[in-house]
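Topology and contacts: notes
Residues per chain, in single letters:
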Amino acid sequence: MREKWIVQTKKGDFNGLAGELGVSPLVVRCMMNRGLTDRDEMRRYLYGTLEDLHDPFLMKDMQVAVALVKEAKEKSRKIAIASDFDCDGIFSGYILWKGLTRLGFDCRIYTPDRVLEGYGLNERIVDEAAAEERELLITCDNGIAAGAEIAYARQKGMTVIVTDHHEVQEQMPEADAVLDPKRQDETYPFGGLCGGGVAFKFICALYDTFAVPEQEKWSLLEYTAIATVADVMELVDENRILVKYGLQALQKSGNTGLRALLEVQGLAGKKLNAGHIGFILGPCFNAAGRIATVADSFSLLMEEDWEEALAKAEKLKKINEDRKSMTEQGAEEAFAQLETQPLADILILLLPDTHESLVGIIAGRVKERTGHPAIVFTRTEDGLVKGSGRSIEGYHMFQELMKCKDLMVRFGGHKMAAGMTLREEDLPELMRRLNEESRLTEEDFRPVVYIDAPMPVGYATEKLLTEFERMEPFGVGNPKPVFAEQHFRVLRGRRLGKEKNVLKLFVENDAGSRCDAMLFSQVEEFEAFVRDNWGERELVRMYEGRENDIDVAFTYFPTLNEYQGVRTIQIQVAGFCHVERKGR
């Protein structure tokens, strides 16, 4: 087993807190495992409402930024919104556009060309905005690293407000106001907002100032939720509230384009969770910015005709399907390349012909398969190489790459991911430096699975599952609870689905509790695991529903299955291993 299973053993007054909060001690234990320490934190986690969101005016420079917008309103100035081409950039731009348009401004969104210009604000955007006499420039999901471009805009007489959430590099840009919760002098109580979250807080402050009815703030929650999940922000503190209520808003969205996308993706009328954003909706918007044009995304969001919206949604879906195919091809090439070279601590791969927008996704695939930080590069038209990296928990990629900033033409990122452009001849030096100073050990490369509690499947009830729903939305920073039980006999198994890529096992534990155990991935790995431990004969007997010697431990999460009106508990298997019985 490559995974390392660790049972969390935090101590606390589980029973006392459970009584005060109206949940089971097991849920209290899960909350403690997620870093919550007192009753008030837990109450906000379980029962937090929109009233629990932080005051936007606590953010550094918010008063200044609002005053600048008020002045622009008084002087009838036009606004340029400098956005970006990923999902967070798209939705932060749309939030600003929608909010400022509501206040009566003439706004236009500008985005960079991913291939020709790269990430963030550039002089072409400034020149276009200036030519259209737009005197107020507001960045979103970018700007904190655009010191030269902001100076250029101010030389042209523009007022500049930065709204961003990325790490500050050597120094802050000299903008008229900088809204970024990662500022070193920040006064806002939560630093984990995405670009869309910062844009949302800005519009909330403006709506309060201009006396816009409060309900209109909440109409922006669905866009904030999509940006937050798609940008893989931690679902803690107010991000949990933004996503929780944003998902509720999305289910009954008033945006024609989003309703059309839900329709073509088969999600209309379904209860939505963060996974639907992360794996279905978000990738559609990201794909447009990656391999087509970001204008397709904004066009869908701004479309009000239903038939037109359906056509545009189908187009976004098709773009994403093309992106998936291109990604698979690039990932196969990366894995083939890995087989020809030693496994370094920090993996650096050059895929010369891969579309530059896909290198980050491929780096993520390499990281998941190997457990190593990975940076994947491709060649650009200007003779440089552009890369994107994905990291592991024990390696702060932004800090380590900052030590190599002298090699970079462009660079930005955070702990778990980074993007960069450099000269191809500098790749060997980058690889040498990163690996010589990595300080990573074999244990760092071994994925750790933290188990919330050992739990017999018989303990899972509908009431407990209802309590787990209070812990949603699940995602980064708030993972779905993981439980474990050591000894299951497999009574029978069968593959399901059109491609036979789902494995349904009927299992029994030592206490005699029986249930279905579902594997939605790792089917081939499970079969290989059975062969390695008990042989081909036992695998055949399992599929035939005959008595066999298979004795397996699972990490799992319990769910409720309903079929023909009958509701039963089943488990979703996350991992598996063989544990020798004591005394053998």
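First, a word on what this report is: a plain description of the structure on this page. (Residues numbered from 1 in each chain as written. Predicted model: local features only at pLDDT ≥ 70, side-chain atom pairs only at ≥ 80, totals over all residues. Heavy atoms only, no water.)

Below, the discussion takes up the overall build of the protein. Along the backbone of the protein there are 22 helices and 18 strands. The C-alpha radius of gyration of the protein comes to 25 Å, within 12% of the 25 Å expected for a compact globule of 584 residues. In terms of overall dimensions, the protein has a C-alpha envelope of 80 × 55 × 50 Å along the principal axes. Among the 584 residues that make up the protein, the fraction classed as buried is 54%. (Helix = DSSP H or I, 4+ residues; strand = E, 2+ residues; numbered from the N terminus. Rg over C-alpha atoms; globule rule 2.2 N^0.38 Å. Buried < 20%, exposed > 50% of the residue type's maximum accessible area, 1.4 Å probe, protein only.)

A separate point is the environment of Val573. Tracing the backbone shows Val573 in strand E18 (residues 566-577). For Val573, a relative accessible area of 13% translates into the label buried. Sequence separation of Val573 and Leu68 is 505 residues, and the distance between their C-alpha atoms is 53 Å. For Val573, the residues in contact, after removing those within four places along its chain, are Ala517, Met518, Leu519, Phe554, Thr555 and Tyr556. (Contact = heavy atoms within 4.5 Å.)

Before going further, it helps to spend a moment on the sheet that holds strand E9 (residues 384-390). The sheet built from five strands is open, its strands ordered E7-E8-E9-E11-E10 with mixed pairing. Each end of this open sheet is capped by a strand with a single partner; those strands are strand E7 (347-350) and strand E10 (408-413). Strand-to-strand, the axes of this sheet are offset by a mean angle of 15 degrees, without reference to chain direction. Here six bridges tie strand E8 (residues 374-379) to E9, and the two strands are oriented antiparallel to one another. Residue pairing for E9: Val376 is matched across the bridge by Ser388. Across the sheet, helix H18 (residues 427-436) lies against E7, E8, E9, E10 and strand E11 (417-423), angled at about 165 degrees from E7, the strand it touches most. (Pairing = 2+ DSSP bridges. Axes fitted to C-alpha atoms, helices over the stretch in contact; angles between N-to-C directions.)

The calculated volume of the second largest pocket comes to roughly 390 Å³. Ser219, Glu222, Tyr223, Gly254 and Asn255 are, among the 22 residues lining the second largest pocket, the residues nearest its centre. Looking at the lining of the second largest pocket, the elements with two or more residues in it are helix H5 (87-102), helix H9 (214-218), helix H10 (221-230), helix H11 (237-251) and helix H14 (295-302). Each residue belonging to the lining of the second largest pocket can be placed in one class, and the counts come to ten nonpolar, seven polar and five charged. (1 Å grid on protein atoms, 1.4 Å probe; cavity = no way out; pocket = protein on both sides within 12 Å on 5 of 7 lines; lining within 4 Å. Points joined across faces, edges and corners; volume = space filled by probe spheres on them. Nonpolar A, V, L, I, M, F, W, Y, C, P; charged D, E, K, R; others polar.)

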